[in-house]
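# Fold and contact review
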Amino acid sequence: MNDKDQRPVYMDHAATTFMKPEVLAAMAPYFSRYFGNPSSLYRFARESRKGVEEARSQVATALGAEPEEISFCAGGSEADNWAIKGVASALREKGDHIITTAIEHHAVLHTCEALEKQGYRVTYLPVDEFGRVDPGDVEDAITDRTILVSVMTANNEIGTVQPITEIGRVAHAHGVLFHTDAVQAVGAVPIDVDALGIDLLSLSGHKFYGPKGTGALYIRRGTRIESLIHGGGQERGRRAGTENVPGIAGLGRAIELATADIEGHNRRIAAMRDRLIRGVLGSIPDTRLNGHPKQRLQNNANFSFRYVEGESILLLLDAHGIAASTGSACSSASLEPSHVLLAIGLPHEEAHGSLRLTLGDANTEDDVDYILEVLPEVIGRLRQISPLTPACARVPEAD
Amino acid sequence: MYTDVVMEHITNPQNVGELADADGVGEVGSPACGDIMRISIKVEGDRITDARFRTFGCAAAIASSSMATGMVRGKSLIEAWAISNADVVDALGGLPPAKVHCSVLARDAIRAAINDYRTRQGLDAWEMGSCGCCGGSGCGSRPENG
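This one's a predicted model, so the numbers in the text were calculated from it and none came from an experiment.

The next thing to look at is the overall build of chain A. A count of helices and strands for chain A gives 14 helices and 12 strands. Its C-alpha atoms give chain A a radius of gyration of 22 Å, within 12% of the compact-globule value 21 Å for 399 residues. Dimensions of chain A, computed from the C-alpha atoms along their principal axes, are close to 80 × 55 × 35 Å. Looking at chain A as a whole, 52% of its 399 residues qualify as buried. Put simply, 72% of the contacts in chain A that link residues at least 6 apart link residues at least 24 apart.

What follows is about the interface of chain B and chain A. Counting residues at the interface gives 20 residues for chain B, matched by 23 residues for chain A. The set of elements that each furnish at least two residues to the side of chain B that touches chain A consists of α1 (4–11), β2 (35–44), β3 (47–56) and α2 (59–72) of chain B. Looking at the side of chain B that touches chain A residue by residue, the class counts come to 13 nonpolar, five polar and two charged.

Turning our eyes to something else, we now look at the packing of α2 of chain B against helix α5 (residues 100–120) of chain B. Residue and element names in this part refer to chain B. Two numbers describe how α2 lies on α5: the axes approach to 8 Å, and their chain directions differ by 40°. Considering their axes alone, α2 and α5 lie oblique with respect to each other. The hand of the α2/α5 crossing is right-handed. Along the contact surface, α2 presents A60, A61, S64, S65, A68 and V72, while α5 presents C102, S103, L105, A106, R107, A109 and I110.

It is worth spelling out the domain arrangement of chain A at this point. Residue and element names in this part refer to chain A. Partitioning chain A into structural domains gives domain 1 (21–258) and domain 2 (262–393). At the interface, 20 residues of domain 1 touch 21 residues of domain 2. Looking at the side of domain 1 that touches domain 2, its residues break down into 11 nonpolar, six polar and three charged.

Moving on, we come to the environment of K117 of chain A. Position of K117 of chain A relative to the elements: it lies in helix α4 (residues 106–117). With 61 residues separating them in the primary sequence, K117 of chain A and F178 of chain A have C-alpha atoms 22 Å apart.

Another aspect to go through is helix α14 (residues 365–385) of chain A. Taking 1.5 Å of rise per residue, 21 residues should cover 30 Å, and α14 of chain A covers 31 Å from first to last C-alpha, within 8% of that figure. If you check which residues of α14 of chain A are buried, you get D367, V368, Y370, I371, V374, L375, V378, I379, R381, L382, R383 and I385 of chain A.

Cut-offs used in this document
Residues numbered from 1 in each chain as written. Chains lettered and ligands numbered in written order. Predicted model: local features only at pLDDT ≥ 70, side-chain atom pairs only at ≥ 80, totals over all residues. Helix = DSSP H or I, 4+ residues; strand = E, 2+ residues; numbered from the N terminus. Rg over C-alpha atoms; globule rule 2.2 N^0.38 Å. Buried ≥ 20, exposed ≤ 12 C-beta atoms within 10 Å, placed from the backbone. Contact = placed C-beta atoms within 7 Å. Nonpolar A, V, L, I, M, F, W, Y, C, P; charged D, E, K, R; others polar. Axes fitted to C-alpha atoms, helices over the stretch in contact; angles between N-to-C directions. Parallel < 35°, antiparallel > 145°, perpendicular 65-115°, else oblique. Left-handed = near helix turned anticlockwise from the far one by under 90°. Domains from an automatic or database assignment. Expected span 1.5 Å × (residues − 1).

Listed below in structure tokens is the structure:
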């Protein structure tokens with residue numbers, strides 16, 4: 001295949017999404033026209049303040065929460081840091097033990113590691129081969145010193161959706177707070193914080209067609225939590241700093257769009273995802289699907305191709321115009337491959353050979369066709385080069 | 001992040017394969033590290049007349065072995081041994097800092113193949129020097145493979 005056959009296909013929506021025109025339109029008035037500081041009293045500020053509060057209502061509605069339970073911040077990582085450090089600090093007298101899982105995002109894992117250095121104790125629960133946490137393990141890990149359980153709603157790498165209702169129930173039965181990182185789940189998994197028993201929930205605007213640098217933390221009324229950012233009295237004194245008004249307005253509009261028809265949206269995306277998975281497994285031997293066959297995000301396909309390494313797959317796909325990602329160490333500065341793929345029991349070489357394709361609203365059946373055309377050829381070429389490929393799986397080389 | 005030369009070697013790798021009648025074979029790296037290189041050479045007199053590679057690894061690893069096998073062809077064993085990883089990096093127009101170890105692997109695979117040849121000839125193996133992969137552990141070079 002040569003360059004003129006190339007077609008741009010973005011299939012890395014778990015990394016970030018494009019921003020929808022409706023979202024941009026919702027943000028536009030707040031850059032120049034309504035530029036006032038929402039904390040000010042004059043009329044210039046009134047529209048800015050209205051924009052922020054409208055967005056707060058939109059986020060609250062999407063989560064089944066009350067507006068005053070929503071605090072805006074700068075993204076998913078800040079929300080995770082805030083939830084965990086804020087609760088740990090507020091409940092220091094009550095206990096010093098946190099329960100989380102081995103497959104959380106680094107915004108949770110590295111936060112927990114930072115707290116361990118301060119003397120907190122953290123249990124990192126294992127997951128099964130599909131990446132599912134056993135609520136029974138959560139229960140077994142709870143002690144009278146446990147102050148927080150933090151389990152992600154859905155995994156960013158392999159897409160596995162966790163049994164968070166059961167986990168929340170277990171936490172509450174023991175009087176322990178439950179935080180969930182829902183960064184990948186908003187717009188894909190219906191969320192009702194009361195029905196799911198969630199005390200704290202992190203979300204990030206740019207994962208659902210909103211602006212980057214925006215996020216929110218849901219904090220159930222009455223939950224004790226310390227602030228991370230101190231300063232002015234914004235966000236009811238919980239998070240200082242002049243509000244990112246355009247970003248907040250965009251986040252509000254984006255979550256409204258993303259949660260308007262989750263079922264219909266999922267049906268369309270999942271149909272493409274399923275065809276992609278069937279096509280890849282059917283046309284490329286020695287391939288496995290990582291993650292749960294059913295309990296997975298509608299847009300996530302994660303494969304391991306034996307005998308080849310993920311970064312070289314990405315580069316060859318990129319040469320064909322396809323954007324994807326990998327859990328291989330070679331795509332990062334560390335030598336360790338994805339902690340998620342190791343946690344589900346993959347040997348190092350199969351973790352190195354992983355490829356994540358995550359679909360989004362702009363993808364079409366033609367995109368799936370194109371990937372099904374390009375990917376087998378790319379894997380075949382790399383297997384031809386690899387010393388790990390069995391001779392019978394190679395085409396004899398011409399001299 | 002990669003140069004055009006690296007991309008050219010990734011999309012059109014040179015010297016892929018294994019010499020059926022190789023005079024020396026060197027393999028370095030390990031699957032756990034995410035990099036394995038196997039280079040086989042044909043030697044006539046004291047010159048390398050052909051070199052082929054197989055690599056499991058990232059783009060930089062494939063490009064480094066593709067480039068290095070081209071660089072040693074026609075060289076004497078001493079000249080080929082003297083090729084440094086910096087020579088491979090220069091020939092590729094540079095590598096990102098995190099990927100320089102791939103060029104070290106290519107150098108080591110060449111040296112391992114030369115030592116395999118020397119051992120088969122009843123000569124002493126030359127001193128390999130430090131190994132560049134996995135921070136210097138976990139991947140002994142295996143010149144005895146053949």
